[in-house]
Amino acid sequence: SGINAEYGFPKHADETMFPGGKVVKALIGFQNNGDKSFIVDNVEGGFRYPMDYNYVIQNFTSFRYGREVAPGVTQTFLYMFVPSEQLAGGSRTFSLVMSLNYRGEDGTLFTDSPFNETVSVYEVDEGFDTEIFFMYVLLAALFALLLFGASTCCLLLWGRRPRKTIETGT
């Protein structure tokens, strides 16, 4: 059909690793080398199970464009997605498929997948983890309670003994 579709991830040098819970931006280039115009309808993507492409792990938003690309013209489309944080970590890999859906002047539908690769999702280390912070607060509170209990027991056992009065004769 005279189309060349390219991709690029401007902020990711390693195109096989993406951060969980963060926006990933991809640029999809659509070059019309034919002699007729095409209309780019949308770009969509998702994570699929590498062994069975029918099994979708995470579906991303479909960006609708509806933009006409004349012969000899190249258009670039921005596609953004957010890999789930729950998929981060471990050695699991996913097939990231980004599909470009377009149609000819006569209405014939076409799909091109400029990116169809096995990728993984990594956990973003933001430095401050509230879960760990509250775990330490709980441990400090338990330690303070333990100290309070131990000091109370010590006072009860050794601190308040009645003193024996020693009588001396006359």
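Position numbers for residues count from 1 along each chain, tracking the sequence in the order it is written. Local features in this predicted model are restricted to residues of pLDDT 70 or higher, and side-chain atom pairs are both shown and tallied only at a pLDDT of 80 or more, whereas totals for entire chains, interfaces and linings draw on every residue. Excluded from the side-chain calculations are hydrogens and water; all other atoms, namely the structure's heavy atoms, are used.

1. Digging into the sheet that holds strand 3 (residues 24-32)
Each strand in a sheet pairs with its neighbour through backbone hydrogen bonds, running either in the same direction (parallel) or in the opposite one (antiparallel). Strand order in the open sheet formed by three strands is 1-3-7, with antiparallel pairing between adjacent strands. Edge positions in the open sheet fall to strand 1 (3-8) and strand 7 (74-81), since each of these has one partner strand only. Neighbour-to-neighbour, the strand axes of the sheet open up by a mean angle of 20 degrees, direction not taken into account. Note on pairing: DSSP must find at least two bridges between two strands before they are called paired. Only DSSP runs of H or I covering at least 4 residues are called helices, and only runs of E covering at least 2 are called strands; the numbering of each starts at the N terminus. Lines fitted to the C-alpha atoms define the axes, with helices restricted to the stretch that makes contact. Angles between their N-to-C directions range from 0 to 180 degrees.

2. Some remarks on the confidence of the model for the protein chain
Confidence scores labelled pLDDT are given residue by residue by the predictor and lie between 0 and 100. Counting all residues, the mean pLDDT for the protein chain is 89, and 94% of those residues have values of 70 or more. Within the protein chain, the lowest mean pLDDT, 84, falls on helix 1 (residues 130-159), and the highest, 96, falls on strand 7.

3. A word on the pairing of strand 8 (residues 94-104)
Two faces, one strand: in a regular strand the side chains alternate between the faces of the sheet. The cut-offs for exposure are 20% and 50% of the maximum accessible area for each residue type, with area from a 1.4 Å probe on protein chains only; residues under the lower value are buried, those over the upper are exposed, and the others partly exposed. Within strand 8, ten of the eleven residues are buried, leaving the element largely enclosed by the surrounding structure. Note that strand 4 (residues 38-49) and strand 8 share ten bridges and pair antiparallel. From the neighbouring strand, G45 faces strand 8, where its bridge partner is M98. The sheet contact formed by strand 8 and strand 9 (residues 109-122) spans nine bridges and is antiparallel. When the bridges of strand 9 are listed, F94 appears paired with V119.

4. A word on a nonpolar patch on the surface
Side chains of I132, M135, Y136, L138, L139, L142, L145 and F148 sit close together on the surface and give an oily, nonpolar patch of about 850 Å² of accessible area. Examined against the element boundaries, Y136 turns out to sit in helix 1. Like charges within 9 Å and nonpolar side chains (Val, Leu, Ile, Met, Phe, Trp, Tyr) within 5 Å are joined into patches, using only residues over 30% in relative accessible area that form no salt bridge. Residue-level accessible areas treat just the shown protein chains as cover; the underlying method is Shrake-Rupley with a 1.4 Å probe. When a carboxyl oxygen of Asp or Glu is within 4 Å of a side-chain nitrogen of Lys or Arg, the pair counts as a salt bridge.

5. Quick word on the pairing of strand 4
By the bridge criterion, five bridges tie strand 4 to strand 6 (residues 63-69) in an arrangement that is antiparallel. Residue N42 lies in a different strand from strand 6, and its bridge partner there is R64. Strand direction decides the pairing type here: strand 4 and strand 5 (residues 52-59), joined by four bridges, are antiparallel. By the bridge assignment for strand 5, R48 is matched with V56.

6. Focus: the side chain of N32
Within the element layout of this structure, N32 appears in strand 3. We define a polar contact as two N or O atoms separated by no more than 3.5 Å, with the added condition that, inside protein, one atom must be a possible hydrogen donor and the other a possible acceptor, whereas residues neighbouring each other in sequence contribute only through side-chain atom pairs. At a separation of 2.9 Å, a polar atom in the side chain of N32 contacts the main-chain amide nitrogen of G34. Filtering out sequence-adjacent residues up to four positions away, N32 remains in contact with G2, I3, S37, F38, V69, A70, P71, G72 and V73. Whether two residues touch is decided by their heavy atoms; if any such pair falls within 4.5 Å, the residues are in contact.

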